[in-house]
Amino acid sequence: MRNFRDLEVWNLSRKLVKEVYFLMKMMPDEERFGLTSQIKRSAISIPSNIAEGCAKKSNKDFSRFLEISLGSCYELETQLILCSDVELITEEIIEEKIILLQTIEKKITSFINYLATQ
């Protein structure tokens, strides 16, 4: 069993969740139960699936949860881009979050590849 708290990618994804929550405070109230809610769920899913995967005994099972986490990253990236597209949040602010998100995506992908070799 692994300790998820020791994983850099889990800690980065926690940082991302915090940033997303602050970012969502900028969203209009009418988006509270729409895009804002979905964005928060996607962000929370990233560290949650990393943590859940750590409890799995096999690397194959752990990789499956990392893949789910990676899917949530791509989902969140799309949703943030859409926020910019419909001019809810400026592109500059969105790009800052996407840079962190893409770092997390790369780390998850590398971790999956590493587990496949073990």
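Attention here is on the structure that accompanies the text. All residue numbers refer to positions counted from 1 along the written sequence of the respective chain. Only residues with pLDDT of 70 or above have their local features reported here, since the model is predicted, and side-chain atom pairs are shown and tallied only from 80 upward, although totals for entire chains, interfaces and linings are computed over all residues. As a rule here, side-chain values cover all heavy atoms of the structure and leave hydrogens and water aside.

**Details of the overall build of the protein chain**
Stage number 1. The number of helices and strands found in the protein chain is 4 helices and 0 strands.
Stage number 2. Think of it this way: any DSSP run of H or I at least four residues long counts as a helix, any run of E at least two long counts as a strand, and we number them from the N terminus. Starting at the N terminus, the α and β elements of the protein chain follow one another as α-α-α-α.
Stage number 3. With the radius of gyration taken over C-alpha atoms, the globule rule is written as 2.2 Å times the number of residues to the power 0.38. In terms of C-alpha radius of gyration, the protein chain reaches 15 Å, essentially the compact-globule figure of 13 Å for 118 residues.
Stage number 4. Overall size of the protein chain, expressed as C-alpha extent along the three principal axes, is 45 × 20 × 20 Å.
Stage number 5. Buried means the residue's accessible area, taken with a 1.4 Å probe over protein chains only, is under 20% of the maximum for its type, while exposed means over 50%, and partly exposed covers the values in between. Residues counted as buried form 42% of the 118 residues belonging to the protein chain.
Stage number 6. Contact between two residues is taken to exist if any of their heavy atoms lie within 4.5 Å; hydrogens are not considered. Summarising the internal contacts of the protein chain: among those between residues at least 6 apart in sequence, 74% fall at separations of at least 24.

**Points about the packing of helix α1 (residues 8-24) against helix α2 (residues 35-54)**
Each packed pair of helices is defined by two parameters, the angle between the axes and the distance between the axes.
Stage number 1. Think of each axis as a best-fit line through the C-alpha atoms, taken over the contacting stretch in the case of a helix, with angles from 0 to 180 degrees between the N-to-C directions. Running from N to C, α1 and α2 cross one another at 165°; their axes reach a closest spacing of 9 Å. Viewed along their axes, α1 and α2 adopt a mutual orientation that is roughly antiparallel. Taken as a pair, α1 and α2 cross one another with a handedness that is left-handed. Contacts between α1 and α2 involve Val9, Trp10, Ser13, Arg14, Leu16, Val17, Val20, Tyr21 and Met24 from the former and Thr36, Ile39, Lys40, Ala43, Ile44, Ile46, Pro47, Ile50 and Ala51 from the latter.
Stage number 2. For this classification, Asp, Glu, Lys and Arg are treated as charged, while Ala, Val, Leu, Ile, Met, Phe, Trp, Tyr, Cys and Pro are nonpolar and the rest, including Gly, are polar. Class assignment of the residues belonging to the contact of α1 with α2 gives a composition of 14 nonpolar, 2 polar and 2 charged. These descriptions rest on fixed angle ranges, namely under 35 degrees for roughly parallel, over 145 for roughly antiparallel, 65 to 115 for roughly perpendicular, and the rest for oblique. The handedness criterion is simple: a crossing whose near helix is rotated anticlockwise from the far helix by less than a right angle is left-handed, and one whose near helix is rotated clockwise is right-handed.

**Structural notes on the side chain of Ser13**
Stage number 1. Within the secondary structure layout, Ser13 lies in helix α1.
Stage number 2. Relative accessible area serves as the criterion here: at 0%, Ser13 is assigned to the buried category.
Stage number 3. The contacts of Ser13, once residues within four sequence positions are left out, are Ile46, Pro47, Ile50 and Ile104.

**Quick notes on the environment of Ser42**
Stage number 1. Mapped onto the elements, Ser42 comes out in helix α2.
Stage number 2. As a C-alpha pair, Ser42 and Ser63 span 21 residues in sequence and 18 Å in three-dimensional space.
Stage number 3. Apart from the residues lying within four places of it in its own chain, the contact partners of Ser42 are Ser72, Glu75, Leu76 and Gln79.

**A look at a negative patch on the surface**
Stage number 1. Only residues whose relative accessible area exceeds 30% and that form no salt bridge are eligible for patches; like-charged ones are grouped when within 9 Å, while nonpolar side chains (Val, Leu, Ile, Met, Phe, Trp, Tyr) are grouped when within 5 Å. Areas reported here follow the Shrake-Rupley algorithm with a probe of radius 1.4 Å; residue values treat only the protein chains shown as occluding. A side-chain nitrogen of Lys or Arg and a carboxyl oxygen of Asp or Glu constitute a salt bridge if their distance falls within 4 Å. All tallies of charge rest on Lys and Arg as positive and Asp and Glu as negative; His and the ends of each chain are not included. Where a charge lies is defined by one atom per residue type: Lys uses NZ, Arg uses CZ, Asp uses CG and Glu uses CD. On the surface, Asp85, Glu91, Glu92 and Glu95 cluster together into a negatively charged patch.
Stage number 2. Among the elements that take part in the negative patch, helix α4 (residues 91-117) stands out by supplying 3 residues, more than any other.
Stage number 3. Its location among the elements puts Glu92 in helix α4.

Nothing here speaks to function; it is all geometry.
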